[in-house]
Amino acid sequence: MNLTKIFAFSLLGLSAFSCDNSSKSDLSWPEINRETKPWTRWWWEGSAVTKAGITAELEAFKKVGLGGVEITPIYEVYGHENDAITYLSPQWMDMLEHTLKEADRLGLGVDMATGTGWPFGGPWVSDEDACMDMNHKVYLLKGGESINEPIAYHQEPYVRSVGMQIYETLGIYKTEGRTSAGSIKEPLIRNDKKPILIKDLVEPVSANKNLQSLALDQVKFDKQLRPVTIMAYSANGERINLIGKLEKNNRLNWVAPAGDWAVYAVFPGWHGKMVERAAPGGEGNVIDHFSKRALQHYLGKFDSSFKGREIKSLRAFFNDSYEVDDARGTADWTPHLFEEFKKRRKYDLRDQLPALFGKDDPEKNERVLCDYRETIAELIYDNFTSVWKAWAHSRDKIVRNQAHGSPSNILDLYALVDIPEMEGAEVSRIKMASSAANVSGKKLTSSESATWLNEHFLSNLADIKQSVDRFLISGVNHVFYHGTCYSPQDEPWPGWLFYAAVHLNDRNPMWNDFGKLNEYVTRSQSLLQKATPDNEVLVYLPIYDRYSTPGAEMIEHFDGVDKPFDGTAFKESIDEMLEGGVAFDYISDKQLRELIVGTDGVRSSPVSTYKTILLPACRYIPMATFKALKKLVTDGATILIYKDFPESISGFMDCVAMKAEYTSAVNEISFARVGGGVEEAHFGKGRFLRSDDLSRLMEQAGVRREPLVDIGLQFVRKKTENGTLYFISNWTGKRIEDWVTLSRPGKSAVLFDPMFGQIGLARTRTSQNDLQIFLKLERGESVIVQLFGTNVQANPYNYAETSGEGMVLNEKWQLTFLRGGPSLPAPIELDSLSLWTNIQIDELKKFSGTGRYHTSFQKPKSGVVGWVLDLGVVNETAKVYLNGDSIATLIGPVYKIFVDDRLLKESNVLDVEVSNFMANRIADLDKRGVVWKKFYNVNFPARLAENRKNGIFDASSWNAKASGLKGPVTITPVNP
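Predicted, not measured: the structure shown is a model, and the values here were computed from it.

Enquirer: Sorry if this is basic, but what is going on with the overall build of the protein here?
Expert: Within the protein, the secondary structure is distributed over 20 helices and 55 strands. Radius of gyration (C-alpha) of the protein: 31 Å, near the 30 Å computed for a compact globule of 976 residues. If one aligns the C-alpha atoms of the protein with their principal axes, the spans along those axes are about 110 × 85 × 50 Å. For the protein, buried positions account for 62% of its 976 residues. Contacts in the protein between residues far apart in sequence, at least 24 positions, make up 78% of those at least 6 positions apart. Charge centroids of the protein, computed over 114 positive and 126 negative side chains, lie 2 Å from each other.

Enquirer: Explain the pattern of salt bridges here, please?
Expert: Side chains that carry opposite charge are capable of pairing whenever their charged atoms lie near each other. Here the structure, examined in full by the defined rule, presents 70 salt bridges. Among the ionic pairs, lysine 431 bridges to aspartate 585, the shortest N-O distance being 3.9 Å. One end of the pair, lysine 431, is in helix 10 (residues 427–440); the other, aspartate 585, is in strand 22 (residues 584–587), and 154 residues separate them in sequence. Taken individually, lysine 431 and aspartate 585 each receive the classification buried, so the pair is uniform in this respect. The structure contains a network of salt bridges with shared partners spanning Glu35, Arg41, Glu70, Asp111, Arg315, Asp320, Arg400, Glu421 and Glu448.

Enquirer: Would you explain the packing of helix 5 (residues 292–306) against helix 8 (residues 362–393) in this entry?
Expert: Between two packed helices, the angle of one axis relative to the other and the distance separating the axes together describe the packing. Two elements in contact, helix 5 and helix 8, have axes whose closest approach is 9 Å; the angle formed by their N-to-C orientations is 25°. By the angle between their directions, the pair helix 5 and helix 8 is classed as roughly parallel. Here the hand of the crossing between helix 5 and helix 8 comes out right-handed. Residues Lys292, Leu295, Gln296, Leu299, Phe302, Asp303 and Phe306 of helix 5 pack against Asn383, Phe384, Val387, Trp388 and Trp391 of helix 8.

Enquirer: Can you help me understand the sheet that holds strand 17 (residues 419–423) in this one?
Expert: The eight strands are arranged 2-3-4-15-16-17-18-19 in a closed barrel whose pairing can be described as parallel. Each neighbouring strand pair of the sheet contributes to a mean axis angle of 30°, computed without reference to strand direction. Relative to strand 18 (residues 446–449), strand 17 runs parallel, the two being bridged by three bridges. When the bridges of strand 18 are listed, glutamate 421 appears paired with serine 446.

Enquirer: In this structure, what is going on with the sheet that holds strand 36 (residues 748–752)? I would like to understand it.
Expert: Adjacent strands of a sheet pair through backbone hydrogen bonds, lying either parallel or antiparallel. An order of 20-33-34-40-36-37 is seen for the six strands of this open sheet, with the pairing classed as antiparallel. For this open sheet the edge positions go to strand 20 (532–533) and strand 37 (759–761), each flanked by a neighbour on one side alone. Judged from the five bridges that link them, strand 36 and strand 40 (residues 782–788) form a sheet pairing that is antiparallel. Bridging from a neighbouring strand, leucine 751 pairs with valine 785 of strand 40. Packing against the sheet, helix 12 (residues 511–528) makes contact with strand 33 (714–719), strand 34 (723–729), strand 36 and strand 40, and its axis sits at approximately 150° to strand 34.

Enquirer: I'm lost on helix 17 (residues 655–667) in this one. Help?
Expert: Note on helix geometry: an α-helix contains 3.6 residues per turn, so any two residues three or four positions apart are oriented the same way. Its 13 residues place the ends of helix 17 18 Å apart at the C-alpha level, agreeing with the 18 Å of an ideal helix rising 1.5 Å per residue. All buried positions along helix 17 are accounted for by Cys655, Tyr662, Ala665 and Val666. Down the axis of helix 17, the smallest arc covering the buried residues is 95°, so these residues share one side. Among the exposed residues of helix 17, those pointing more than 90 degrees away from its buried face are Val656, Ala657 and Asn667. Buried-residue contacts for helix 17 involve helix 8, strand 27 (620–621), helix 16 (623–634) and strand 29 (648–649).

Enquirer: Help me understand the side chain of aspartate 926, please; the structure alone is not making it clear to me.
Expert: Position of aspartate 926 among the secondary structure elements: in helix 20 (residues 919–928). Sequence-distant contacts of aspartate 926, that is, excluding residues within four places in its chain, are made with Trp932, Lys933, Phe953, Asp954, Ala955 and Ser956.

Enquirer: Before we go on, may I ask you to explain helix 5 in this structure?
Expert: Compared with an ideal rise of 1.5 Å per residue, which puts 15 residues at 21 Å, helix 5 spans 21 Å between its outermost C-alpha atoms and is within 8% of the ideal. Among the residues making up helix 5, those that are buried are Ala294, Leu295, Tyr298, Leu299, Phe302, Ser305 and Phe306. Those residues of helix 5 that are buried are in contact with helix 2 (90–106), strand 4 (109–113), strand 5 (121–122), strand 15 (316–319) and helix 8. Immediately beyond the C-terminal end of helix 5, within one or two residues, lies glycine 308, with a positive phi of roughly 80°.

Enquirer: Just to check I follow, could you spell out the nonpolar core for this structure?
Expert: One broad trend across soluble globular proteins is that nonpolar side chains are buried collectively. By size, the foremost hydrophobic cluster in this structure holds 256 residues, and its most contacted members are Tyr372 and Leu871. With 14 residues, the top contributor of residues to this core is helix 8. Among all residues touching leucine 871, those that are not within four sequence positions of it are Ala878, Val880, Leu890, Tyr895, Val912, Leu965, Gly967, Pro968 and Val969. Counting residues in hydrophobic clusters, the runner-up holds 23 residues, among them Phe715, Ile728, Ile773 and Val785.

Enquirer: Please clarify how the packing of aromatic side chains should be interpreted in this entry.
Expert: Each aromatic ring pair is specified by the distance between its two centres and by the angle formed by the two planes. Summed over all chains, the structure comprises 59 aromatic pairs. A centroid spacing of 5.6 Å and a plane angle of 65° characterise the contact between phenylalanine 457 and phenylalanine 953, whose relative ring orientation is edge-to-face. Here the residue phenylalanine 457 occupies a position in the loop between strand 18 and helix 11 (461–473), and phenylalanine 953 occupies one in strand 53 (residues 952–953), the gap between them amounting to 496 residues. Relative accessible area serves as the criterion here: at 6%, phenylalanine 457 is assigned to the buried category.

Enquirer: Whenever I open this one, unusual backbone geometry confuses me. Can you help?
Expert: Excluding glycine, a negative phi dihedral is what most residues carry, and trans is how most peptide bonds are arranged. Of note, the amide linkage connecting tryptophan 118 to proline 119 takes the cis form, showing an omega dihedral of -15°. Along the chain, proline 119 turns up in the loop between strand 4 and strand 5. Here the phi dihedral of asparagine 210 falls at roughly 55°; this positive angle occurs in a residue that is not glycine. Tracing the backbone through its elements, the reader meets asparagine 210 in the loop between helix 3 (165–170) and helix 4 (211–214). Exposure remark for asparagine 210: the relative accessible area of 39% places this residue in the partly exposed category.

Enquirer: Is there a simple way to explain the packing of helix 1 (residues 51–63) against helix 2 in this structure?
Expert: Following both chains from N to C, one finds helix 1 and helix 2 inclined at 30°, their axes separated by 10 Å at the closest point. One element, helix 1, and the other, helix 2, form an angle in the roughly parallel class. The way helix 1 lies across helix 2 gives a crossing that is right-handed. Taking contact as the criterion, the partners of Lys51, Ile54, Thr55, Leu58, Glu59 and Lys62 in helix 1 are, on helix 2, Asp94, Met95, His98, Thr99, Glu102, Ala103, Arg105 and Leu106.

Enquirer: How should I be thinking about the side chain of serine 526 in this particular structure?
Expert: For serine 526, the position within the fold is in helix 12. Residue classification places serine 526 among the buried positions, given a relative accessible area of 2%. In this structure the side chain of serine 526 is engaged in a polar contact, spanning 2.6 Å, whose partner is the backbone oxygen of arginine 523. Residues in contact with serine 526, not counting those within four places in the same chain, are Trp29, Pro30, Ile32 and Thr36.

Enquirer: It is not clear to me how the confidence of the model for the protein should be interpreted in this structure. Could you clarify?
Expert: Summarising the model, the protein shows a mean pLDDT of 93, and 94% of its residues fall at 70 or more. Predicted confidence is poor over residues 171–176, with pLDDT under 50, and the contacts of this stretch with residues over four places away or in other chains come to eight contacts. Here residues 180–192 scores under 50 on pLDDT; set against residues more than four positions off or in separate chains, the count is 30 contacts.

Enquirer: What is the right way to look at the pairing of strand 24 (residues 601–605) in this model?
Expert: In summary, the side chains of a regular strand alternate between the two faces of the sheet. Among the five residues of strand 24, four are classified as buried, and the element is accordingly described as predominantly covered. When strand 23 (residues 596–598) meets strand 24, the two strands line up antiparallel, connected through three bridges. Bridge pairing in strand 24 links isoleucine 596 to arginine 603. Joining the antiparallel neighbours strand 23 and strand 24 is a turn of two residues. Relative to strand 25 (residues 608–610), strand 24 runs antiparallel, the two sharing three bridges. By the bridge assignment, serine 605 is partnered in strand 25 with serine 608.

Enquirer: Would you mind showing me how to read the environment of leucine 66 here?
Expert: Secondary-structure assignment places leucine 66 in the loop between helix 1 and strand 3 (68–74). Placed 658 residues apart in sequence, leucine 66 and threonine 724 show a C-alpha to C-alpha distance of 28 Å. With residues near it in sequence (within four places) discarded, leucine 66 still touches Lys37, Pro38, Thr40, Phe61, Leu108, Tyr481, Phe514 and Asn518.

Enquirer: Hey, could you run me through the pairing of strand 48 (residues 877–882) in this one?
Expert: Among the six residues in strand 48, five count as buried, and that is most of the element. Judged from the six bridges that link them, strand 48 and strand 51 (residues 907–915) form a sheet pairing that is antiparallel. Its bridge partner being in strand 51, alanine 878 is matched across the sheet by valine 914. As judged from the five bridges shared by strand 48 and strand 49 (residues 885–890), these two strands associate in the antiparallel manner. Across the sheet, alanine 878 pairs through a bridge with leucine 890, a residue of strand 49. Taken together, strand 48 and the strand that follows it, strand 49, pair antiparallel across an intervening segment of two residues, in which asparagine 883 is found at a positive phi of about 55°.

How each quantity is defined
- Sequence positions are assigned chain by chain, starting from 1 and proceeding in written order.
- Local features in this predicted model are restricted to residues whose pLDDT is 70 or higher, and side-chain atom pairs enter the listing and the counts only when it is 80 or higher, whereas totals over whole chains, interfaces and linings include all residues.
- Note that the side-chain values use all heavy atoms of the structure and ignore hydrogens as well as water.
- A helix here means a DSSP run of H or I that spans at least four residues, while a strand means a run of E at least two residues long, and both kinds are numbered starting from the N terminus.
- For the radius of gyration, the atom set is restricted to C-alpha positions; the globular benchmark scales as 2.2 Å times the number of residues to the power 0.38.
- The classification of residues rests on relative accessible area computed with a 1.4 Å probe and restricted to protein chains. Under 20% of the type maximum is buried, over 50% is exposed, and intermediate values are partly exposed.
- Any two residues whose heavy atoms approach within 4.5 Å at even a single point are treated as in contact.
- Asp and Glu count as negative and Lys and Arg as positive, but His and the ends of the chain are not part of the count.
- Every charge is mapped onto a representative atom, which is NZ of Lys, CZ of Arg, CG of Asp or CD of Glu.
- The rule for a salt bridge is simple: a side-chain nitrogen of Lys or Arg has to be within 4 Å of a carboxyl oxygen of Asp or Glu.
- For every element, the axis is a line fit to its C-alpha atoms; helices are fit only across the contacting stretch, and the angle between N-to-C directions ranges from 0 to 180 degrees.
- Orientation categories follow fixed angle ranges, with anything under 35 degrees roughly parallel, anything over 145 roughly antiparallel, 65 to 115 roughly perpendicular, and all other angles oblique.
- Each helix crossing is assigned a hand: it is left-handed if the near helix lies turned anticlockwise from the far helix by less than a right angle, otherwise right-handed if that turn is clockwise.
- Two strands are counted as paired when DSSP detects at least two bridges linking them.
- Multiplying 1.5 Å by the residue count of a helix minus one yields the expected span of that helix.
- By arc we mean the arc of the directions from the helix axis to the C-beta atoms, nothing more.
- Only buried residues count toward a nonpolar core, which is a set of Ala, Val, Leu, Ile, Met, Phe, Trp, Tyr and Cys residues joined through side-chain atoms within 4.5 Å.
- Between the rings of Phe, Tyr and Trp (Trp by its six-membered ring), a pair exists once the centres lie within 6.5 Å; its type follows the angle of the planes, with under 30 degrees stacked, over 60 edge-to-face, and the other angles tilted.
- The term polar contact refers here to a pair of N or O atoms within 3.5 Å; inside protein, the definition further demands a hydrogen-donor-capable atom paired with an acceptor-capable atom, and it admits residues adjacent in sequence only when both atoms are side-chain atoms.
- Across the chain, each position has a pLDDT score giving the predictor's confidence in that residue, from 0 to 100.

Below is the structure:
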């Protein structure tokens, strides 16, 4: 259960240890620094910040235990257009310098996005550097015929815009010749929304006025595209390059020779993706991510803005994922594609255009498509991520990168950067970033945490903790909240908010208890950051199957283990390992080819060693990867073949010879049965194991699962100087009180409670030579277990085991409201404990803030060491005071603490300060028609359809959300 030390001097002596072969520091929380603390994404709406406002918010962040911020400028706020600051302007740089200076004073870190919104782009990105797409036409001819039309491609005009919800909703924006039905009084009525038409725009996009109001997402102007290549293919395999026969009028001066011919023309066009959610000065084209020149031109803007500025304390530049795909069509072309392809794949793609576009033999189509996609993947690696990282490093900065969404093997992109970052809710997805960090030996993996958990204003700190725990058990150790929105100090409540967030700001009533969550994250990360990976299995990611599979678009974007992997042996294997408690990381072809075999297993970095590699059945694998696997086995590795070897090698170049070589290499591996449906083939110093039964494969390879998953617990396992570290989390929905077997050896175990700081020796026993520890975890509770190879002498962990019936504190309560609004209710005398929203006073149903429940009670007559104080039902967070002293902050979902008996007097006073959601006050604003959703661009969309009205969030139909202390509040004696 959740426990507290009560006071810093630790009444139970929980921090006083003597150890065999262990220093005192081994049994204490590591030193805290800014990176052990959680950080937050700090949205600057309109970059309309002031120096005083920046200082005030940074000081507030420091006070609640945040370690740093990531600055991301975003769209404007209505009514504050004149306060907006153009991105990277001298004034904007003044604000950045002030932020860095103040953060340095406060001991906070600062990262900044390399752009506004997402992806990289802006008004200084020319058409030559903008993302492009590939179009083609096919002309069928017979001998003696010519193409009797210009060789051109019509780029259809297209515009997609968010539509400026704030103007349309409020009826403030008046289009000439059109009346608006909306008003400030009736903000939910709007006239028929006038779409933005391409004829209303001028080229280039940056030349249009009021880009913030236009809120453009994608723009393709009406153009006639000229081909970059024209290739003729005969039915008997002849190829002719015809581009030199194209005349200025786009007519092709060519007559087809005898036979049947197909003429392919390729036309580069403009994909048209605009920077999404751009800030003032950041609106414009998204860059060509495959072009080194485009990125260098883009970064040049930063160089000129940074010149002469003091940005030494800036830690990192950040890239908010690859979201060029969030548009119609894909950006699948770059000007030097054909040259790059020939250099990398060793043949000319122009010779294989029918196969590229899926019009040749099916197998050949797949192989050429694979080569094309592999080339695109390499270009984003070489020309975007590598160049961006080198640029940052040359300026003494690191890079933090969200690689997901990229048309590439994201494992390689994550491994390339300094801090890989993932978002999402699935462990299998999050592990893409942490695997790359583990395999490459990086210290930190970060997360965009708590994005869109519940509907706006309905996520409590326990919900956020659950999101954080999911990241921690997935290998993350550097949490970023998503997020916190800058707001002027004098702005009416609720201030400025971001459209997709949990609203972690000082207008949120739970802000006063936010520090407790940050304490928890800080303690957890302080241990996790000092440890190194302890996963046993490397799972091969069969990316070449995806590269080879045709789809709706020419390229595929990769976010994690998503639907395209459904039904594959790869997906089956990772699902089974997650459910079965096998600790694993993913590995790419590039990473696999860099592995070496050491005395203790397969080594990927100085800190990362694995017992085995799992190769799930797949269709394609590069020959170089298969050779690397055989080399690893020859050197002593164990390779697990789940179901069967890959069917063939990938790619088109020399594929006939390579297929024969691959078949011969596989046939050299001779298997013999070893029992349990497992086959074994010794090869050099190592062996291949093959089976359709994954659990049998693991058992034969000596991979041990963690049985704690059988009762629903989740974990991440790490290595330390002293042994093994486990972070264990209980989100089963029930209390766990059980003996748990751990796969790693140890003679003793110490439990670290990251929520309240308690450290103590766990109860242990041995069962069949395995160490078992006793765990008592409430739902939503986590604990860190440190195993030692020696017998540690220390005070026992306080499991706070209760005995007998608890005493209900059912005396009268006084309820006093401390802070919040829209008004501060008068004190109330309660004959029995109640949520304040259950009291029939209308003012209470609108109130969001903090109320103090006050009562007194006599100490029960019992000779015990302490008591468990259980608050029962709390909505949503609680600060607990006993006899005037603060004893705990509780964020749920269970609200229990241990209270030392010595803290109780004969007569006692209990105060519980409860803070609720922002929701009830927000609903009151919407019911009264108060305008607060005044944000440009997307404004304030609802997550759930039932909370949408005229396209945006609306809470006017909400009933009051339960708020306050319902109880019952009990104290129950704890056994000595």
